[in-house]
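Observations on chain architecture
Here is what each chain is made of, one letter per residue.
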Amino acid sequence: MNSSYSIKTNSQGRKVLIVKGIVPIDQLKEVTEDDFDMIYVEDTGQSHYELSYQLQNMSPFHSLKCHLKPCFLASTLKNRILNLAPIVDGFADKADDKAMYERANEIIDSLALIDTFDISEVKRNNYIYFLKLCKYAISRGMHTFTISLEEAYAQGHTSLFIAEQKNFSSNMKDEFIYYNHVMLELGYAKRKEFLERIHVCPHCKESHLFYMEACPKCDSSLLKEEPVLHHFRCANISPESSYAYDGDLRCPKCHQFLRHIGVDYDRPSNVYTCRECNHTFLHTRMKVYCSSCKKTFRPSDLLAIDIYNYEFTSEGILALSSNDAMVAVSKDIWAGYSNFESFLSQIRLFSYSRIKNEVIYINRFKVDGPHVNNEIVMRIVSDLQKRYHYNNISYKGKYIFMATKAPSDMSDALWKQMEEEHEETLKIIDLKYTGITLVEQDYLQQDENEKIDTFIKRISKFN
Amino acid sequence: MLDFFYDIIDGVIACFTRNLSWNALLHTYWFLFIIEFPRYYFLELVIAIWYKITYQQRKKAMEVAKMKLYIENPLITILAPGKNEGKHIYKLVKSLNEQTYRNYEIIIVDDGSDDATPMICRDLEKAGLIDLYLRSDIRGGKASAANYGVHYAKGKYIIHLDADSSLDRDAIEKILIPFYYDPKIKAVGGTVKVRNAEDSLCTSMQALEYLKTIQVGRMVTNELGIYHIISGAFGAFEKEKLIQIGMWDIGPGLDGDITQKIRKSGDKVYFAEDAICMTNVPTTWHALFKQRQRWSKSLIRFRLRKHFDILMPHKHFSILNWISNMENLLYDCFFNFMWFFYILTLIFMHTDRLMEIFIVGWMIRYCFSVVAFGVIMMISERASEEKKLVPYLFFSTFYTGYFLRITRLLAHTKELFFFSSYKDPWNPKKTSDLAQIEGI
Ligand SMILES: [Zn+2]
Ligand SMILES: [Zn+2]
Ligand SMILES: [Zn+2]
């Protein structure tokens, strides 16, 4: 495949970056962010995978140069785009299509009213990504989110956040659901109408489930289903195979041939036999296999999720367009927070660039209680980092990690202050969340000569 | 009017004073003295006394058999086929949980129920209270439902139960013991008693009747080696034997039929008078009448027609089987017709003394029934409870002497001349039609 690009200025003075094949735009030294206003991808016979790869290269969220810019594809690529359709603004037959320019103009005009993030803004926080998605939606005039059930999305439905990435980690999905709640709480969005209640995997929240019939005794799916035959004249009922006789049906009891259904015999039922344990039964038990986390559940274990249509409120649109408000809001909620992977990589970064005498202390807490779920853990995380000045905070499962930078030879007074702070933290959480306690698990400190890899291993070793 | 009654009373008194002679009594009540008394009262009394005398000896042998049973501890299958029996199943399962014999599986066969039975049974199956729930979506008849269950049974012995019956705590154990008492025994019948005896006069009379004809009557036929009917409500069969004789054929009266088939094949059947099962009986005379019509028709259909060969010399001819069927046919059918003509002659020959004859006849029967009740008290395991049925002896002449006889007479006539059992909705039409063509 020939890969190339060109920049053309159209009749309205907009600069169009025309992409053929795979072009790593961010790496092109001769093209800067200001050199183009929009992107058009031509059909060069690329496959779905090649196309997805190119769309990642020019992602409105991750690419620095293409940030939130309008993106159009050749019409013939429509059927190769599949689940990435939400991040494409439209299709056009040729690079100088008039309708395409009109649509691009609208987007560029509304982008002008929206404060964008500084290009160097930290990418590590999921909330930034989430806010980028909101900005993207507002710039496209998508104020309401008609959520639809679609198998292409792992969760089974589109959402307030656009499923640009198929491979969200389970943590990230929880966070995004949480952000949705925060948006509702802040009055930035509201539920419009109830759509559907779907069932998802209780473990990984995905909807790609297989429903399987299984033996009620041993749960095996190796079943044989066979009709039973009732021979009227002698009242014999047994499986069809016991009647098999040289291609004909002959009664095993009275040895007469069965000729006419309804006259000589009928089939009153079907019986299953398990080939593993030989158990016989009329009704199989359903089991549900999650294709993403490979776990098996009972249908009653599945998590029911109510799906609503959402809508940005006018305050929401205002606040999300303005960067200051947005940053303030998001800082209030999530400053200092990173997801667990970034948390670890930041610790690694710190160890490379640390000032003499300074080490990282990590406090690990466990959220305990009968009804602990991800949302509660995240609320506690949010409370903790609002209250104290940890350098970084993260969580995984029921464990919360708080990292602090401090001199390796801490004074007793400083120690005491830290301990008091922790005690107070535990008390406040106990008070605020009935039935939930925060238990201090342990306290980790990198030893003077400990390699960073061993230290990280120590942090991530928990159960 | 009063004179009329005085006349009768005078007549009755005269019967015992002036005219009292055995000859005269015999002349009028020959049917009672010659046909009924020897078979139903005298013979039963003698056998019951014999049974009591040999009790200790038999008890020892049964103790040994019980030990053998528990050493082998075979898995048995409890099979309850039926239609719309869902409401009874939970009670049945609970009563089975109380059994002294523990190694059993429960199979419920639902013969095309159109009520909540499937839901109830699926729940019980899920809860592990029943081992297998089988269902025919289309009703196939009682025999086919039972055969369906046998095909999936894993037990060495199969205990056939009616879903609405319940068992004494040791009933399963007691019905299994005879298999270890004599290896030639391939099927054992249990004693069926009436649970709803206090519901109405009709059920009280049936309670009395069951005690006499089942617990005592079958004990007697068993002792004589001519026991011929294992109740569908509570019977045990060796599975292998059951399959060998082709299991159940189309009913009604399939319990008698299957007993015949086992006897014919040369094996023994046995009656366990101490294995007690309780069942609900019809509470109205009309329902009872219909039930007995069905039972009685099967006598003609099976004993006289299908198994007529037992009465003829043939390869597996057995004198006991011959006597068993002959006795059955004579007493339940032939003598019944005879009774009809006996009554006719009484009516036409003694038209003026009818009331008198009737009252004296009642007195004689009452005396007989007191003897019979004495026998029941000798045999029954819960004699003290059943004592309260004594007042009902007063009605037993009307019940056994007239009601049951007339019911039987009608049924036998219908079946003999009109094959009416093949039209009984108790079986699905498709099976009855074929059965009639095949003569089974
Ligand atoms: Zn199995
Ligand atoms: Zn057949
Ligand atoms: Zn899963």
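Please refer to the structure higher up on the page.
None of these values were measured; they are calculated from a predicted model.

What counts and what doesn't
Residues numbered from 1 in each chain as written. Chains lettered and ligands numbered in written order. Predicted model: local features only at pLDDT ≥ 70, side-chain atom pairs only at ≥ 80, totals over all residues. Heavy atoms only, no water. Contact = heavy atoms within 4.5 Å. Salt bridge = Lys/Arg side-chain N within 4 Å of Asp/Glu carboxyl O. Helix = DSSP H or I, 4+ residues; strand = E, 2+ residues; numbered from the N terminus. Nonpolar A, V, L, I, M, F, W, Y, C, P; charged D, E, K, R; others polar. Axes fitted to C-alpha atoms, helices over the stretch in contact; angles between N-to-C directions. Left-handed = near helix turned anticlockwise from the far one by under 90°. Pairing = 2+ DSSP bridges. Polar contact = N/O pair within 3.5 Å; in protein donor to acceptor, adjacent residues only side chain to side chain.

Moving on, we come to the interface of chain B and chain A. The interface of chain B with chain A comprises 28 residues on the first partner and 25 residues on the second. The interface formed by chain B and chain A includes 1 salt bridge. For the side of chain B that touches chain A, the secondary-structure elements that each account for two or more residues are α5 (117-126), β3 (132-136), α6 (142-152) and α16 (429-438) of chain B. Sort the elements by how many residues they give to the side of chain B that touches chain A and α6 of chain B lands first, with 6 residues. Split by residue class, the side of chain B that touches chain A holds 12 nonpolar, 7 polar and 9 charged.

All names here are of chain B. In the contact formed by helix α11 (residues 285-306) and helix α12 (residues 319-349), the axes pass within 11 Å of each other and the chain directions differ by 145°. Note that α11 runs across α12; the crossing there is left-handed. For the pair α11 and α12, contact is made by Leu 299, Ile 300, Arg 303 and Leu 304 and by Asn 325, Asn 328, Leu 329, Asp 332 and Cys 333, respectively. The residue inventory of the contact of α11 with α12, partitioned by class, reads 5 nonpolar, 2 polar and 2 charged.

Residue and element names in this part refer to chain A. One open sheet accounts for 4 strands, arranged β10-β9-β13-β14; its pairing is antiparallel. Each edge of the open sheet is held by one strand with a lone partner, namely β10 (236-239) and β14 (280-281). Sheet topology note: the strand β9 (residues 223-231)/strand β13 (residues 265-274) ladder contains 8 bridges and is antiparallel. Pairing of Leu 223 across the sheet is with Cys 274, part of β13.

Now for the side chain of Ser 52 of chain A. In this structure, Ser 52 of chain A sits in helix α1 (residues 48-57). Within polar-contact distance, the side chain of Ser 52 of chain A engages the backbone oxygen of His 48 of chain A at 2.6 Å.

Any functional reading would require information beyond the geometric quantities listed.
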